[in-house]
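Remarks on the overall topology
Listed below are the residues making up each chain.
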Amino acid sequence: ALEQSTLDLQQGRVVAMPKKLLRDEGFNVKARTAVAAVRGTKFVLENEPGRDVSVGVVEGKVEMKPFVPALDEKGGVADASALQTMRDKVDGSGVIVSENQTATVNTESVAALNRIVEKALVDMKEAKNGAVPPLLLNSVDKGVSGVGIIKEEKVSPRSAEEVRALDEAAQSDM
């Protein structure tokens, strides 16, 4: 039984320690400009107004990639393959964040990419044949390559302490 769980963090911090996932299961935390996909992990994701979204991994691995709201388009685009191509390009830009690493997604670069995708979608809807002009896909490529995801070889002491405290609380509940 495939189980996919997503937590939509509108603002704030979340310390996540999901259960051990089976091969077909998934757990994601979505923030305004990033998605963290869990790989058997203990991590802290921060999503504060006016700041870049960051994830600190205390144990395990997390895949961090940009979240582009315009790609949640549900209909109205004649060329579904072009939409999927754009989604694949964004998904392929993610990085794996390992234990004792932090990754930060640049909010401004993701907002710029979202504007590019929105324009591409409008142009696709207005095109007579519904196809995406190659120049639009090129601009999406440039937007994806312009998204800054910065990895550092450290986790904040605060994040590590929050995870330790939750670990201890979980152990005392058993």
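Going by the structure above, here's the rest.
Definitions and limits used
- Residues numbered from 1 in each chain as written.
- Predicted model: local features only at pLDDT ≥ 70, side-chain atom pairs only at ≥ 80, totals over all residues.
- Heavy atoms only, no water.
- Helix = DSSP H or I, 4+ residues; strand = E, 2+ residues; numbered from the N terminus.
- Contact = heavy atoms within 4.5 Å.
- Areas by Shrake-Rupley, 256 points an atom, 1.4 Å probe, with all protein chains shown as cover.
- Salt bridge = Lys/Arg side-chain N within 4 Å of Asp/Glu carboxyl O.
- Buried < 20%, exposed > 50% of the residue type's maximum accessible area, 1.4 Å probe, protein only.
- Axes fitted to C-alpha atoms, helices over the stretch in contact; angles between N-to-C directions.
- Parallel < 35°, antiparallel > 145°, perpendicular 65-115°, else oblique.
- Left-handed = near helix turned anticlockwise from the far one by under 90°.
- Nonpolar A, V, L, I, M, F, W, Y, C, P; charged D, E, K, R; others polar.
- Core = buried A, V, L, I, M, F, W, Y, C linked by side-chain atoms within 4.5 Å.
- Pairing = 2+ DSSP bridges.
- Expected span 1.5 Å × (residues − 1).
- Arc of directions from axis to C-beta.

Secondary structure summary: the protein contains four helices and eight strands in total. Ordered by position from the N terminus, the helices and strands of the protein form the series β-β-β-β-β-α-β-β-α-α-β-α. If you take every contact in the protein between residues at least 6 apart in sequence, the share linking residues at least 24 apart comes to 66%. Within the structure as shown, the protein displays about 9600 Å² of accessible surface, and the carbon and sulfur contribution to it stands at 52%.

All chains considered together, the criterion is met by three salt bridges. The salt bridge involving Glu46 is made with Arg13; its shortest N-O contact spans 2.8 Å. Separated by 33 residues along the polypeptide, Glu46 in strand S4 (residues 34–47) and Arg13 in strand S2 (residues 12–16) bring together distant segments of the chain. Given the relative accessible area of 17%, Glu46 is considered buried.

Geometrically, a packed helix pair is captured by the angle between its two axes and the distance between the axes. At a closest axis distance of 10 Å, the pairing of helix H1 (residues 80–91) and helix H3 (residues 134–145) adopts a crossing angle of 15°. Classified by the angle their axes make, H1 and H3 are roughly parallel. Here H1 runs over H3; the crossing is right-handed. Facing H1, whose interface residues are Met86, Lys89 and Val90, H3 presents Leu137, Val140, Asp141 and Val144. Looking at side-chain class alone, the contact of H1 with H3 contains five nonpolar, no polar and two charged residues.

Non-glycine residue Asn100 carries a positive phi angle of around 65°. Residue Asn100 is classed as partly exposed on the basis of its relative accessible area, which comes to 44%.

Structurally, Thr33 can be placed in the loop between strand S3 (26–30) and S4. The class for Thr33 is buried, based on a relative accessible area of 7%. Excluding residues within four positions of it along the chain, Thr33 makes contact with Val53, Lys65, Pro66, Phe67, Val105, Thr107 and Val110.

Among the nonpolar cores identified, the biggest contains 37 residues, and Phe43, Leu45, Val55, Met64, Met86 and Val117 are the most heavily contacted of them. Secondary-structure elements contributing two or more residues to this core are S2, S3, S4, strand S5 (53–66), H1, strand S7 (101–105), helix H2 (107–126) and H3. The biggest single contributor to this core is H2, with six residues. Apart from the residues within four sequence positions on either side, Phe43 is in contact with Val14, Val15, Ala16, Phe27, Val29, Ala36, Val38, Val55, Gly56, Val57, Val58 and Val62.

Regular strands place their side chains on alternate faces of the sheet. Among the 14 residues in S5, eleven count as buried, and that is most of the element. Summarising the sheet, S5 and S7 pair through five bridges and their orientation is antiparallel. Note that in S7 the partner of Val55 across the bridge is Ala103.

Another aspect to go through is H1. Compared with an ideal rise of 1.5 Å per residue, which puts twelve residues at 16 Å, H1 spans 16 Å between its outermost C-alpha atoms and is within 8% of the ideal. For H1, the full list of buried residues reads Ala82, Leu83, Met86 and Val90. In a view along the axis of H1, the buried residues occupy a sector of 105°, so they form one face of it. Exposed side chains of H1 directed beyond 90 degrees from the buried face belong to Ala80 and Ser81. Residues of H1 that are buried make contact with S5, H2 and H3.

These values are about where atoms sit, not about what they do.
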